[in-house]
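One letter stands for each residue in the lines below.
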Amino acid sequence: MLALVVVACSDGGDGSSARNGSSNGGSGRVGAAKVKLTSIARVEGPTAFATRQGDRALYVTEQVGRVRAVRDGNLDAQPVLDVTADVGSGGERGLLGLAFSPDGSRMYVYYTNRDGDIRVDEYAMAGNSVDAGSRREVLAVDHPPAPNHNGGQTSFGPDGNLYLGLGDGGGAGDMGTGHADGGNAQSLDTLLGKILRIDPTPSAGAAYTIPSDNPFADGGGLPEIWSYGLRNPWRFSWDRKTGDMWIADVGQNQWEEVDFVAGGRGAGTNFGWNRLEGTHQFSGQAPANAVAPIYEYSHADGGCSVSGGYVYRGTKIPDLRGAYVFTDYCTSTLRAITEEGGRLAGQRDLGVKGNQVTAFGEAQDGELYVLSQSDGLQRIDPA
């Protein structure tokens, strides 16, 4: 099994903090929630999770380059898709993202190729199978020689557009050079260190369409860019009830952060990297338009790399409803925070420890799943 290593160096800092302070309460009674992890399937090195309209299967990517289906708790013997010949995996590289179009007719996979560059491909679905011969390249982005910070999140938003999370190009401190603003994440002339928003429908000879309301659709930056100033957005998601967006961005030496964007907003947001690591100065002067995280925690608490999750909207754990559930790859202890008016309202360690948790998944019924490099696919259940 390959171990996914999401690099975030470990020194300095202490404690956790929140944008605009904190208070008790929140949109969910997270303090009362009691949970456990239930093993579902022994998926090898899972990295991403997706569901599909009209299909009861749970789809999970394996880092080496396979898409697997879990149906009624059983792992299909044969992969739904096997692109191991095209994928360069190991460390942070591999098959990293998966999404289905809102109508379920197309599958999108995000991976690093044999040269370490980023690719997003589209496949047509034929019933519950993938038409492997239908492959179409949607996006190709060169990645610097550094093997880390490849991003990978691939999701359709509430607006029906495809959102893609790209890391800053790797190395340490954002090594992007040759840009007017220094590193890649702060520069609007590169797709690295960004969240992109596209309509994957081809148009005018291009492989995709730029939504007309993208913040730089008319100039000032690359038109695919939705938000920027990110180091390695290792999973973002939307609250299915409110449309709020939650982004977990992996830190450098000291701080991990969770960013919050209210539903219907976020176009052109600058999250501050590499001038800021969380709320703390990192390199140069902080951008005047930087948006602070709703929550941050220190490597002094034992963490090393945040793994983003989802706001729980299931029915099995009422006391968790409305709380954002996430973890850290190194500690893999499940955590939950709640917000009110964009401010941190409550936080709690849920008292359950996973093992090398890389990502989470949300099923169609709102129940949440954990992807563990060591233990495969697990579900969060009431204890």
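Scroll up a little and you will see the structure.
Nothing here was measured: the structure is a model prediction, and the numbers come from that model.

J.: What's the story with the overall build of the protein in this structure? I'm lost.
T.: From N to C terminus, the protein includes 0 helices and 28 strands. Compactness check: the protein gives a C-alpha radius of gyration of 19 Å against a globular reference of 21 Å for 383 residues, within 12% of the reference. Principal-axis analysis of the C-alpha atoms gives the protein an extent of 55 × 50 × 35 Å. The 383 residues of the protein split such that 59% are buried. In the protein, once contacts between residues fewer than 6 apart in sequence are set aside, the share between residues at least 24 apart is 59%. Here the protein displays about 13900 Å² of accessible surface, and carbon together with sulfur accounts for 45% of that area.

J.: Please explain the sheet that holds strand β11 (residues 129-141) as it appears in this structure.
T.: Note on sheets: strands pair through backbone hydrogen bonds, and any given pair is parallel or antiparallel. Pairing is antiparallel in the open sheet, where 4 strands are placed in the order β8-β9-β10-β11. With one partner strand each, in any of the chains shown, β8 (95-100) and β11 form the two edges of the open sheet. Here the strands of the sheet are splayed against their neighbours by 20° on average, with no regard to which way each runs.

J.: Would you explain the sheet that holds strand β24 (residues 333-340) in this entry?
T.: Read from one edge to the other, the open sheet built from 4 strands follows the order β22-β23-β24-β25, with strand pairing classed as antiparallel. The two strands at the open ends of the sheet, each matched to only one other strand, are β22 (306-311) and β25 (343-353). Neighbour-to-neighbour, the strand axes of the sheet open up by a mean angle of 25°, direction not taken into account. Relative to β24, strand β23 (residues 324-328) runs antiparallel, the two sharing 3 bridges. Within β24, the position partnered with Tyr324 by the bridge is Ile337.

J.: Just checking my understanding: could you explain the state of the cysteines for this structure?
T.: By definition, a disulfide links the sulfur atoms of two cysteine residues through a covalent bond. Evaluated as defined, the whole model comprises 1 disulfide. Each disulfide pairs two cysteine sulfurs, and for Cys304 the partner residue is Cys330, the sulfurs being separated by 1.9 Å. Since a negative S-S torsion denotes a left-handed disulfide, the Cys304-Cys330 link at about 85° is right-handed. Residue Cys304 is located in the loop between β21 (295-298) and β22, and its partner Cys330 is located in the loop between β23 and β24; the two are separated by 26 residues in the primary sequence. Note on Cys304: relative accessible area 10%, which makes it buried. Cys330 gets classed as partly exposed once you look at its relative accessible area, which sits at 43%.

Rules behind the numbers
- Residues numbered from 1 in each chain as written.
- Predicted model: local features only at pLDDT ≥ 70, side-chain atom pairs only at ≥ 80, totals over all residues.
- Heavy atoms only, no water.
- Helix = DSSP H or I, 4+ residues; strand = E, 2+ residues; numbered from the N terminus.
- Rg over C-alpha atoms; globule rule 2.2 N^0.38 Å.
- Buried < 20%, exposed > 50% of the residue type's maximum accessible area, 1.4 Å probe, protein only.
- Contact = heavy atoms within 4.5 Å.
- Areas by Shrake-Rupley, 256 points an atom, 1.4 Å probe, with all protein chains shown as cover.
- Pairing = 2+ DSSP bridges.
- Axes fitted to C-alpha atoms, helices over the stretch in contact; angles between N-to-C directions.
- Disulfide = S-S within 2.5 Å.

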